[in-house]
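Notes for the structure review
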Amino acid sequence: MKILKSNNRNIIFIFFISFISIIIDTFILNFQYDLIPAWDQGYHLSNAYKYSILLENINLFNKDWINQFWTITDSYRGPLTYFVSGLFMRIFGMSFKNAILSNHIFNLILIFTIYLQGKRIKNSNLGLISATIFVLSPVIINLRTDYLIDISLCSFITLNWLYLTNIFFKNKFNFIESVFAGFLLGFVFLVKPTGIVYFSVPLFLLLIKISTKKIPYFKKLLIVIIYLFSFLAVIFPWFSNNWLTIISSINNAWNWGINYQEGLEANTLSGWTFYLFEIYKIPGVYFSSILLSFSILQILKRKLNKKIILNTFIKKQFLWYSSFPISIYIIGCLMSSKDIRFIIPIYPQICILFGLIITNINFNPFLKILIYLFLMTLTLFNTLFSIIKE
């Protein structure tokens with residue numbers, strides 16, 4: 001009974017921080033009187049409008065309607081974000097503001113997945129704190145109050161990662177889980193095809209675990225085939241119609257980075273350190289600096305010896321949980337284009353790391369709450385100040 005009440009309180013808190021994020025974003029959107037979409041936003045918005053118009057007369061048995069559904073977007077930006085936004089605008093009205101507010105569907109997915117991941121790693125408090133840090137971070141608020149595909153991509157990537165984590169720590173594998181895992185990877189592809197490369201290292205580790213399991217070889221092979229088949233079944237209707245333009249647009253995006261972002265190539269030091277400084281700025285420099293100071297103090301206070309550090313690094317849990325952010329960082333550095341938006345999928349994992357630092361602060365509970373409230377207030381004011389300054 002106590003567990004049930006605790007879960008109910010946590011769910012209420014999740015919806016509360018989601019509601020707070022809607023209030024913050026609505027205030028910002030009302031503060032910005034000239035909501036005029038820029039070039040990228042205009043492209044995304046036009047696709048969302050097309051889906052909204054298409055959904056006015058749904059006809060699943062009409063070949064022309066189905067063909068139009070899968071060919072509205074034919075670049076490396078998939079249709080899933082625009083479909084969700086189009087559906088949202090079909091309900092609440094077609095406007096740039098409503099297209100932006102549709103980001104909160106993906107925001108809610110992120111809040112729940114971060115909470116569940118934090119709960120899995122330690123407890124529900126870690127999940128709630130990590131989700132709150134994410135929601136109030138300046139860069140995340142800026143992305144939520146704009147119409148791009150970064151928040152939606154981050155939501156499906158994080159959801160996929162959570163599901164793969166649940167599979168990885170299970171003793172048994174089954175075919176149903178392979179189907180759902182394939183579907184989720186397909187959803188990532190339908191937001192942005194290049195998003196699936198972030199799972200390179202985790203999928204490699206998962207494949208190793210499956211191969212070492214004491215189950216018949218035929219079953220191992222069938223699990224992998226079902227996963228791939230489920231993934232292909234999701235992406236086939238869109239990819240089969242637009243494969244040439246998808247590949248060519250990915251190539252054009254790669255060439256853009258080569259031509260216009262000199263000095264950030266993968267064979268340079270600046271190319272590999274660029275995101276280290278950018279990640280530090282996502283929650284705000286003051287927030288990151290204070291938390292980093294707390295973590296250093298905790299390390300010095302505990303006087304960790306070499307054996308403890310070594311044992312931590314070779315643990316299965318550490319190897320798995322670190323594989324995903326490492327994979328994202330490596331892929332981000334290898335990409336020809338560098339922008340903070342391209343590495344946003346790593347940030348939910350950093351929020352959980354921040355949450356671990358806060359929950360491990362060795363002070364009395366009341367002081368810990370004060371520190372937590374101070375950090376959240378600092379983050380929020382930093383966001384509002386930067387918006388007013390703009």
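Each remark here, short or long, concerns the structure printed above.
A brief structural summary. It should be emphasised that the depicted structure is a prediction, and the values quoted were computed from it without experimental measurement. (Residues numbered from 1 in each chain as written. Predicted model: local features only at pLDDT ≥ 70, side-chain atom pairs only at ≥ 80, totals over all residues. Heavy atoms only, no water.)

Topic: the overall build of the protein
A count of helical and extended segments in the protein gives 18 helices and zero strands. Across the 390 residues of the protein, 47% fall into the buried class. For the protein, long-range pairs separated by at least 24 residues make up 81% of all intrachain contacts whose partners lie at least 6 apart in sequence. (Helix = DSSP H or I, 4+ residues; strand = E, 2+ residues; numbered from the N terminus. Buried < 20%, exposed > 50% of the residue type's maximum accessible area, 1.4 Å probe, protein only. Contact = heavy atoms within 4.5 Å.)

Considerations on helix H6 (residues 103-121)
Relative to the 27 Å expected for 19 residues at 1.5 Å per residue, H6 spans 27 Å between its end C-alpha atoms, a close match to the ideal helical length. Among the residues of H6, Asn103, His104, Phe106, Asn107, Leu110, Ile111, Thr113, Ile114, Tyr115, Gln117 and Gly118 are the ones counted as buried. (Expected span 1.5 Å × (residues − 1).)

Some thoughts on the nonpolar core
Counting residues in each nonpolar core, the largest one holds 99 residues, and the members touching the most others are Ile133, Tyr147, Phe199, Ile343, Tyr347 and Phe354. Dropping the residues within four chain positions of it, isoleucine 343 is found in contact with Tyr275, Ile279, Ile328 and Tyr329. (Core = buried A, V, L, I, M, F, W, Y, C linked by side-chain atoms within 4.5 Å.)

So, helix H9 (residues 150-168)
Its 19 residues give H9 an end-to-end C-alpha distance of 26 Å, which sits within 8% of 27 Å, the value for a rise of 1.5 Å per residue. Of all the 19 residues making up H9, 16 are buried; the element is thus mostly covered by neighbouring parts of the structure.

Brief notes about a nonpolar patch on the surface
A cluster of nonpolar side chains, contributed by Ile58, Leu60, Phe61 and Ile66, occupies part of the molecular surface with about 480 Å² of accessible area. Of note, isoleucine 58 is situated in the loop between helix H2 (39-54) and helix H3 (63-71). Judged by its relative accessible area of 55%, isoleucine 58 falls in the exposed class. (Patch = residues over 30% accessible without salt bridge, like charges linked within 9 Å, V, L, I, M, F, W, Y side chains within 5 Å. Areas by Shrake-Rupley, 256 points an atom, 1.4 Å probe, with all protein chains shown as cover. Salt bridge = Lys/Arg side-chain N within 4 Å of Asp/Glu carboxyl O.)

Some remarks on the environment of tyrosine 163
On the secondary structure map, tyrosine 163 appears in helix H9. Residue classification places tyrosine 163 among the partly exposed positions, given a relative accessible area of 22%. Here the alpha-carbon distance between tyrosine 163 and glutamine 117, two residues 46 residues apart in the chain, equals 9.5 Å.

A few points about the side chain of glutamine 41
Assignment of secondary structure puts glutamine 41 in helix H2. In this structure glutamine 41 touches Phe96, Asp146, Tyr147 and Leu148, once residues within four positions along its chain are discounted.

Remarks on the pattern of salt bridges
Summed over all chains, the structure comprises six salt bridges. Here arginine 144 ties to aspartate 25 by a salt bridge, and the two come within 2.7 Å at their closest N and O atoms. One end of the pair, arginine 144, is in helix H8 (residues 138-144); the other, aspartate 25, is in helix H1 (residues 2-31), and 119 residues separate them in sequence. Looking at arginine 144, the relative accessible area reads 0%, which means it is buried. As a salt-bridge pair, arginine 90 and glutamate 56 come within 4.0 Å of each other at their nearest N and O atoms. One end of the pair, arginine 90, is in helix H4 (residues 80-92); the other, glutamate 56, is in the loop between H2 and H3, with 34 residues separating them in the sequence. A relative accessible area of 32% places arginine 90 in the partly exposed class.

Considerations on the packing of aromatic side chains
The final tally for this structure, using the stated rule, is 23 aromatic pairs. Between phenylalanine 189 and phenylalanine 231, the aromatic rings sit 5.8 Å apart at their centres with planes inclined by 85°, giving edge-to-face as the arrangement. With phenylalanine 189 in helix H10 (residues 175-191) and phenylalanine 231 in helix H12 (residues 217-260), this residue pair connects regions lying 42 residues apart in the sequence. In this pair, the class of phenylalanine 189 matches that of phenylalanine 231, namely buried. (Phe/Tyr/Trp six-rings, centres within 6.5 Å; stacked < 30°, edge-to-face > 60°.)

Thoughts on the environment of leucine 207
Looking at where leucine 207 falls in the secondary structure, it is placed in helix H11 (residues 200-212). With 13 residues separating them in the primary sequence, leucine 207 and lysine 220 have C-alpha atoms 9.3 Å apart.

What to know about the packing of H9 against H11
As a packed pair, H9 and H11 sit with axes 11 Å apart at the nearest point and diverge in direction by 20°. Classified by the interaxial angle, the pair formed by H9 and H11 is roughly parallel. Where H9 crosses over H11, the handedness of that crossing is left-handed. In this structure, H9 contributes Trp161, Leu164, Ile167 and Phe168 to the contact, and H11 contributes Pro202, Leu203, Leu205, Leu206 and Lys209. Class assignment of the residues belonging to the contact of H9 with H11 gives a composition of eight nonpolar, no polar and one charged. (Axes fitted to C-alpha atoms, helices over the stretch in contact; angles between N-to-C directions. Parallel < 35°, antiparallel > 145°, perpendicular 65-115°, else oblique. Left-handed = near helix turned anticlockwise from the far one by under 90°. Nonpolar A, V, L, I, M, F, W, Y, C, P; charged D, E, K, R; others polar.)

Topic: the environment of isoleucine 28
As for its position among the elements, isoleucine 28 is in helix H1. For isoleucine 28, a relative accessible area of 1% puts it in the buried group. Separated by 117 residues in sequence, isoleucine 28 and threonine 145 have C-alpha atoms that sit 7.4 Å apart.

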